[in-house]
2 protein chains.
Amino acid sequence: MNIENLTCPLPIMDHDTIQLAHGAGGKLSSDLIDTLFLPRFSNKTLEAMEDQAVLDFQGERLSFSTDTFVVDPIFFPGGNIGELAINGTVNDVAMCGAEPLYLSVAFILEEGFPMEDLHQILISMENAANNAGVTIVTGDTKVVNKGSCDKIFINTTGIGVLNHDLNISSGNLQIGDRIIVSGTLADHGMAVMTSRKGLSFQTQVKSDTAPLNGLVKNMLNVSHGIHSMRDPTRGGAATTLNEFAKSSQVGISLIDNTIPVKPNVKGACEVLGIDPLYVANEGKLIAVVTENDAPIILETMKNHEFGKDAVIIGEVVAEHPGIVTMKTSLGANRIVDMPVGEQLPRIC
Amino acid sequence: MNIENLTCPLPIMDHDTIQLAHGAGGKLSSDLIDTLFLPRFSNKTLEAMEDQAVLDFQGERLSFSTDTFVVDPIFFPGGNIGELAINGTVNDVAMCGAEPLYLSVAFILEEGFPMEDLHQILISMENAANNAGVTIVTGDTKVVNKGSCDKIFINTTGIGVLNHDLNISSGNLQIGDRIIVSGTLADHGMAVMTSRKGLSFQTQVKSDTAPLNGLVKNMLNVSHGIHSMRDPTRGGAATTLNEFAKSSQVGISLIDNTIPVKPNVKGACEVLGIDPLYVANEGKLIAVVTENDAPIILETMKNHEFGKDAVIIGEVVAEHPGIVTMKTSLGANRIVDMPVGEQLPRIC
């Protein structure tokens with residue numbers, strides 16, 4: 001026992017070991033970060049709890065984001081861990097309105113991992129980086145003994161540049177703003193889950209993994225009325241919207257029958273008893289925009305390959321600050337709460 | 001099978017699965033990178049194969065580096081995985097002569113990992129970041145099922161700024177340059193190895209983990225005659241020097257009795273039959289500098305806490321380009337080859 005330990009005891013927590021739900025993006029993830037991480041690395045940028053840090057670099061604004069991918073299985077309908085790792089960080093870098101430029105890639109490989117699988121993953125990463133227009137400029141490879149990791153884990157960290165002065169952040173929602181989702185929800189998470197459970201549907205459920213930086217660029221070209229943007233990955237749209245509402249201390253009111261979900265995904269959700277609002281997406285964004293600019297932004301999104309199913313799903317209200325509600329088709333209002341954890345780990 | 005697969009078959013390699021040596025920083029690591037990675041992510045920055053990318057960002061020069069830490073055990077004499085993860089990336093960012101500014105931190109945690117251990121690691125990271133003067137601005141946490149990773153893996157990625165126009169790189173060695181090492185070799189690797197094997201020596205072998213950005217700054221303050229710098233981690237000094245010689249197409253001639261190794265470390269190396277030149281360091285740098293400036297640089301290094309044992313260990317020669325030799329105490333010359341792999345994985 002050392003002195004640091006004596007002067008800084010472990011904060012009181014509900015669990016004395018790490019639980020799967022600590023990594024699921026829900027309440028337990030927040031607890032872990034708030035109780036253990038933030039007190040250690042306290043600074044304004046980190047405390048903003050965005051998916052990316054917006055930093056000053058020699059007077060210019062830089063977007064910086066990191067994400068590790070541990071998805072299981074590593075090959076799933078619609079993609080694999082490689083393109084997920086590229087698109088995921090491209091999207092996190094872009095969500096503050098930045099143009100992603102450079103990526104680092106770091107691999108942890110398990111001894112015995114098939115070279116052919118690695119080759120396939122690298123090809124997917126190459127294609128994904130080309131599609132997103134980013135350059136992989138540095139990397140690292142670690143190999144661990146068989147059994148010390150599960151096949152392959154990939155970290156990507158990205159740098160982008162902000163070419164505007166906007167503050168696009170979760171704390172910037174304004175009463176009256178419209179909530180736009182760029183397309184159907186729950187595709188990625190259900191693709192991974194159904195492939196794990198061996199479920200088959202008439203139409204295969206496919207991951208929506210895609211780079212959203214082009215879509216973001218087009219949106220910014222037509223409007224500076226974008227207040228918040230985020231890609232609802234772990235924890236799904238419900239988690240993103242709850243974080244928005246809490247961070248801005250405003251209410252969010254959703255309209256049930258506007259939430260776009262593909263029929264086969266809806267079917268899979270019903271079979272597994274999962275609410276699509278809580279399922280991870282990997283090629284969708286939620287944008288909170290001014291009422292005035294909502295029509296032009298929506299139209300611009302619909303003209304883009306990755307925004308063609310964009311739709312307004314609700315608005316920002318003064319009532320119930322910090323809380324997300326949904327008006328059901330019967331006219332009732334229910335609370336859309338933050339999830340405690342996710343049923344399934346390793347969705348991304 | 002898809003079309004990409006058909007048009008881009010797996011290159012011919014000696015192994016059809018990943019071997020531990022592919023991650024050891026030696027010849028097999030190079031093979032993997034040259035054969036599988038570089039053909040996919042081909043660009044000038046990545047092909048330079050430095051430990052950091054030097055990038056243009058809005059007309060300014062930016063240093064960008066990533067590293068994943070999988071060291072086993074996670075607590076070892078002289079440090080733990082947390083401070084190693086901070087210092088390791090701080091050093092990689094700094095070795096091009098940059099001032100490290102920002103870090104991202106990404107954790108992979110195994111279900112059941114003790115919260116108290118995580119807390120200790122976070123305290124070490126906080127202290128290490130403060131000591132190095134860098135800010136942790138963004139992060140990510142993933143949790144995987146028990147058995148899917150070994151306790152904790154940490155990725156850190158860093159950004160620094162270059163405040164000069166020098167090209168400090170492995171390809172920049174000049175005939176007549178002096179090779180300086182900042183202190184004793186093999187401390188970190190032998191600390192990890194002896195703690196794993198349960199060996200005890202009269203004086204405990206301790207890791208040298210330390211941030212070197214302050215030392216680098218002082219060196220640049222007194223001289224712009226620095227041609228190359230690198231911290232010899234995985235694969236040790238022998239690997240770094242071989243990469244320098246190969247990259248610059250010059251010879252390197254070392255003098256045996258100048259190589260600084262602590263007596264207890266030397267003892268541990270002898271017991272385990274390991275050459276200290278091939279063992280990982282985590283708080284040392286090798287600098288290749290002009291003959292003229294070598295004295296002032298050396299003196300400056302000796303005045304710094306992390307350079308007090310700095311010494312000239314050899315020089316750059318026109319003979320045997322691409323090859324590192326060592327003059328033994330008997331006057332003979334032996335070749336210091338690149339290692340094929342390391343005996344032990346997970347040293348950092």
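Here the structure is a predicted model, which is why all the values come from computation and not from measurement.

## A short note on the relation of the copies chain A and chain B
In summary, the two copies of the chain are related to each other by a rotation about an axis coupled with a shift along it. Overlaying chain A with chain B gives an RMSD of 0.0 Å, the required rotation being 180 degrees about an axis along which the chain moves by 0.0 Å. Both copies are brought into coincidence by an operation consistent with a two-fold rotation axis. For chain A, the minimum C-alpha distance to the rotation axis belongs to C149 of chain A and amounts to 2.0 Å. Both copies present the same face, since 100% of the interface residues in chain A are matched by interface residues at the equivalent positions in chain B.

## Section: the sheet that holds strand β10 (residues 251–255) of chain B
Residue and element names in this part refer to chain B. Taken together, seven strands build an open sheet; the order of strands is β9-β11-β8-β12-β10-β13-β14 and the sheet is mixed. Two strands bound the open sheet, and with one partner strand each, they are β9 (226–230) and β14 (333–335). Strand-to-strand, the axes of this sheet are offset by a mean angle of 25 degrees, without reference to chain direction. In this structure, β9 lies alongside strand β11 (residues 286–289), joined through four bridges in antiparallel fashion. Opposite I226, over in β11, you have V289 as the bridge partner. Along the sheet, helix α10 (residues 294–302) makes contact with β8 (178–181), β11 and β12 (311–317), crossing β8 at roughly 0 degrees.

## A word on the domain arrangement of chain A
Residue and element names in this part refer to chain A. Per the domain assignment, the segments of chain A are domain 1 (42–162) and domain 2 (178–335). Domain 1 and domain 2 are separated by 23 Å when their C-alpha centres are compared. Taken together, the 22 residues of domain 1 in the interface contact 24 residues of domain 2. Class assignment for the residues of the side of domain 1 that touches domain 2 results in eleven nonpolar, seven polar and four charged.

## Things to note about helix α9 (residues 263–272) of chain B
Residue and element names in this part refer to chain B. When we look at burial in α9, the residues that qualify are V265, A268 and C269. All buried residues of α9 project into a common sector of 100 degrees when viewed along the axis, lining one side. Within α9, the exposed residues directed more than 90 degrees away from the buried face are P263 and E270. For α9, the elements touching its buried residues are α6 (187–197). Residue G273 follows α9 closely and has a positive phi angle near 70 degrees.

Rules of the game
- Residues numbered from 1 in each chain as written.
- Chains lettered and ligands numbered in written order.
- Predicted model: local features only at pLDDT ≥ 70, side-chain atom pairs only at ≥ 80, totals over all residues.
- Least-squares fit on C-alpha atoms with pLDDT ≥ 70 in both.
- Contact = placed C-beta atoms within 7 Å.
- Pairing = 2+ DSSP bridges.
- Helix = DSSP H or I, 4+ residues; strand = E, 2+ residues; numbered from the N terminus.
- Axes fitted to C-alpha atoms, helices over the stretch in contact; angles between N-to-C directions.
- Domains from an automatic or database assignment.
- Nonpolar A, V, L, I, M, F, W, Y, C, P; charged D, E, K, R; others polar.
- Buried ≥ 20, exposed ≤ 12 C-beta atoms within 10 Å, placed from the backbone.
- Arc of directions from axis to C-beta.

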